[in-house]
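Report on the structure
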Amino acid sequence: MQDLAWWQHSVVYEIYPRSFQDSNGDGIGDLKGILTRLDYLVRLGIDAVWISPIYPSPMADFGYDVADYCGIDPIFGTMEDFDLLLAELHRRGLRMILDFVPNHTSDQHPWFLESRSSRHNPKRDWYLWRDESNNWPSHFGGSGWELDATTNQYYYHAFLKQQPDLNWRNPDVKAAMFDALRFWLRKGVDGFRVDVMWLMIKDDQFRDNPPNPGYQLGQPSHHRLLPIYNADRPEIHDLVAEMRAVLDEFPDRVLIGEIYLPIEKLMTYYGRDMRGAHLPFNFQLLQCAWNAESVAQVISDYQGALPAGAWPNWVLGNHDKPRIASRIGASQARVAAMLLLTLPGTLTLYYGEELGMTDVPIAPEQVQDPAEKNEPGLGQGRDPERTPMPWDDSPSAGFTSGTPWLPLGDNAASNVAAIEHAPRSILTLYRRLIDLRRIHPTLVRGKLQSVIAENDVLRYERVELGTRILVLLNMNRKPVRVTLHSGTVLASTSLDREGQKLSGTIDMEAAEGLILSLDL
Ligand code: TEU
Ligand code: CA
């Protein structure tokens, strides 16, 4: 689409590398494994892959604890494997987005080993050391401060104590991390998803956070306080603009920010004059109630808050949140697919969503995720949404010839081979919806208007010169009657109404979605 940057008309596909395809039988997915599945991704029709961290790591938080920002962990393969994967993606016209974890390193990173060795080490100020802690908590439970016996001082860690936070007020830290970005950009990597972007700067007076009046028992302990002094600090926007400037040293790269903040604060991460993140991740649909009223509200609020020139984005799931099909059920998951793939902006899928994968129950002895281990029974565990991709009906569904690091559960039945050629499968629906975006550019760049919720049916139009496309989503669990202007069905969630000419009052099945090209 000549007037849009690649990332603007893209459908991005998040790969959790441990769970996509194993190639050496150790039960853990790897780069060679992803390489063997590129043609599947081409057939699905996505434009770019975002790969969660693959850097050397003790795996305390499964890669989000990085011990070397310019390497590949042997579990995932070699730098040669990486270079080949990047080349093969590009040869197929696909882009690669890497995960960048700037807020914290692994405690095994040489920088931290140096920093903790002595109070006078040149890298002491690369991390946040203090004689006394304050009340800032860890996202994974307990205090965010760890007393280090070697030098008898505390260091801050927003997540695990194995993930000490970097001091981004230190110019040497910035320089070293920006060089790490250039290392991958020089290789041709097309962009970065930046981990916990809104947490990178802390209050330089380390003031205590105030109590959270809305805290309820049973919530993770870090919700007891409002994250005022250790999140979303004013200085963050200059830092994001600097990071963006590094990417802008290279042509055509995208900066995506992981940011869990309310809409109005989220929008500030586009930056002054759009010089911040290209895409502050929009997690509204991950958290909103699944009914037409709530979704219509979220869409209007988000679209309404977009600064001039800002490009929207939408996502339904990721490796930290329950899977959409588990949240709303199999039939509504098809409606959610049609919603996601007809909204304006850059869209992101989470691996397995196209198969209708659900969260897999994890027995206590199978738990891998530190969030669950640290605060068991609070539903914080993320293993259920990180289980292996089922490819066929062979043992371990073709994911591995060994023992998978997490169980496949019931997902094994709805594997790629079983449903890829099934005319009405959810995978066929995803491929059809992604294809429609190529056939009808109005679905990519058309204006969004007339967002209405009625009888739990969500409707909206995508309009562009000479074209009006209507989307009707029945979020009810029972049939409804709707009235519409005459048009032709381009797609239906049950893939059985294409080409039908509809007008006036029609009956929609329970959990049915329709896309129509309206007669003008
Ligand atoms: O997640 C940040 C984040 O806020 C989530 O951890 C969320 O709070 C948590 O999952 C509660 O549900 C990013 C990564 O996506 C996550 O996988 C890492 O564990 C975390 O940062 C630390 O790097
Ligand atoms: Ca492997």
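**Quick word on the coordination of the calcium ion (ligand 2)**
The coordination sphere of the calcium ion (ligand 2), as far as protein atoms go, consists of Asp22 (OD), Asn24 (OD1), Asp26 (OD), Ile28 (O) and Asp30 (OD), spread over 2.2 to 2.3 Å. Ordering the donors of the calcium ion (ligand 2) by residue number gives the pattern D-x1-N-x1-D-x1-I-x1-D.

**Remarks on helix H9 (residues 292-305)**
For H9, with 14 residues, the first-to-last C-alpha span of 20 Å sits near the 20 Å given by 1.5 Å per residue. Here H9 has its buried residues at Ala292, Val295, Ala296, Val298, Ile299 and Tyr302. The buried side chains of H9 occupy one side of the element, clustering within an arc of 160° when seen end-on. Residues of H9 that are exposed and point over 90 degrees away from its buried face: Glu293 and Gly304. Where H9 is buried, its residues meet helix H7 (263-266), helix H8 (284-287), strand E10 (313-315), helix H11 (330-340), strand E12 (447-454) and strand E13 (457-464). Among the residues of H9, the N-terminal cap falls to asparagine 291, whose side-chain oxygen and the backbone nitrogen of glutamate 293 are separated by 3.2 Å.

**Overview of the sheet that holds strand E14 (residues 467-474)**
With antiparallel pairing, the 6 strands of this open sheet are ordered in space as E12-E13-E14-E17-E15-E16. Two strands bound the open sheet, and with one partner strand each, they are E12 and strand E16 (501-508). Put simply, the sheet's adjacent strands are angled 35° from each other on average, direction ignored. Inspection of the sheet shows E12 paired to E13 by 6 bridges, in the antiparallel sense.

**Some details on the pairing of strand E5 (residues 145-148)**
As defined by bridge partners, E5 adjoins strand E6 (residues 153-156) across 4 bridges and the pair is classed as antiparallel. What sits directly across from glutamate 146, in E6, is tyrosine 155. Where E5 folds back on E6, the antiparallel hairpin that results is connected by 4 residues, among which asparagine 152 adopts a positive phi of roughly 50°.

**Regarding the site of ligand 1**
Taken together, 19 residues form the shell around ligand 1, and within it Asp61, Asp195, His319, Asp320 and Arg382 come nearest. A distance of 3.0 Å is found between an oxygen atom of ligand 1 and a side-chain nitrogen or oxygen belonging to arginine 193. One nitrogen or oxygen atom from the side chain of aspartate 320 is found 2.4 Å from an oxygen atom belonging to ligand 1. Relative to its unbound accessible area of 480 Å², ligand 1 is 93% covered by the protein chains. Residues belonging to the shell around ligand 1 are distributed by class as follows: 6 nonpolar, 5 polar and 8 charged.

**Observations concerning the pattern of salt bridges**
Overall, the coordinates contain 36 salt bridges when judged by the stated rule. Between aspartate 179 and arginine 182 there is a salt bridge, and its shortest N-O distance comes to 2.8 Å. In this pair, aspartate 179 and arginine 182 both sit in helix H5 (residues 171-187), 3 residues apart, roughly one turn of the helix. Residues arginine 445 and glutamate 464 are paired through a salt bridge, measuring 2.6 Å at the closest nitrogen-oxygen approach. Residue arginine 445 is found in helix H15 (residues 442-445), and its partner glutamate 464 is found in strand E13; the two are separated by 19 residues along the sequence. Since its relative accessible area comes to 29%, arginine 445 is described here as partly exposed. Judged by relative accessible area, which is 23%, glutamate 464 ranks as partly exposed. One continuous salt-bridge network, built from bridges that share partners, spans Asp61, Asp320, Asp369, Arg382 and Arg386.

**What about the sheet that holds strand E4 (residues 129-130)?**
Taken together, 3 strands build an open sheet; the order of strands is E4-E6-E5 and the sheet is antiparallel. Every interior strand has two partners, whereas the edge strands, E4 and E5, have only one.

**Some details on the environment of glycine 513**
Among the structural elements, glycine 513 can be located in strand E17 (residues 513-518). For glycine 513, a relative accessible area of 0% puts it in the buried group. Placed 265 residues apart in sequence, glycine 513 and aspartate 248 show a C-alpha to C-alpha distance of 40 Å. Excluding residues that lie within four positions of it along the chain, glycine 513 makes contacts with Val335, Met338, Leu472, Leu473, Ala491, Ser492, Thr493 and Met508.

**Examining the environment of leucine 86**
With respect to the element layout, leucine 86 can be found in helix H3 (residues 79-91). Considering only alpha carbons, one finds leucine 86 and leucine 35, 51 residues apart in sequence, at a separation of 9.2 Å. In this view, leucine 86 contacts Met96, Lys187, Gly188 and Val189; residues no more than four positions away in its chain are not counted.

**As for the packing of H11 against helix H14 (residues 426-439)**
For the pair H11 and H14, the least separation of the axes is 10 Å and the interaxial angle reads 10°. The angle between H11 and H14 falls in the class roughly parallel. Considering the relative orientation of H11 and H14, their crossing is right-handed. Across from Ala333, Arg334, Ala337 and Met338 in H11, the residues of H14 making contact are Ile426, Leu429, Tyr430 and Leu433. Looking at the contact of H11 with H14 residue by residue, the classes come out as 7 nonpolar, no polar and 1 charged.

**Focus: unusual backbone geometry**
Residues other than glycine seldom take positive phi values, yet aspartate 252 does so here, at roughly 65°. Its identity is not glycine, yet asparagine 455 carries a phi of approximately 50°, on the positive side. Take asparagine 455: it is sitting in the loop between E12 and E13. Assessed through its relative accessible area of 57%, asparagine 455 is described here as exposed.

What counts, and where the lines are drawn
Residues numbered from 1 in each chain as written. Chains lettered and ligands numbered in written order. Predicted model: local features only at pLDDT ≥ 70, side-chain atom pairs only at ≥ 80, totals over all residues. Heavy atoms only, no water. Donors = N, O, S within 2.8 Å, 3.2 Å for Na, K, Ca; no water. Helix = DSSP H or I, 4+ residues; strand = E, 2+ residues; numbered from the N terminus. Expected span 1.5 Å × (residues − 1). Buried < 20%, exposed > 50% of the residue type's maximum accessible area, 1.4 Å probe, protein only. Arc of directions from axis to C-beta. Contact = heavy atoms within 4.5 Å. Polar contact = N/O pair within 3.5 Å; in protein donor to acceptor, adjacent residues only side chain to side chain. Pairing = 2+ DSSP bridges. Axes fitted to C-alpha atoms, helices over the stretch in contact; angles between N-to-C directions. Near = heavy atom within 4 Å. Areas by Shrake-Rupley, 256 points an atom, 1.4 Å probe, with all protein chains shown as cover. Nonpolar A, V, L, I, M, F, W, Y, C, P; charged D, E, K, R; others polar. Salt bridge = Lys/Arg side-chain N within 4 Å of Asp/Glu carboxyl O. Parallel < 35°, antiparallel > 145°, perpendicular 65-115°, else oblique. Left-handed = near helix turned anticlockwise from the far one by under 90°.

Read these as geometric descriptors, not functional statements.
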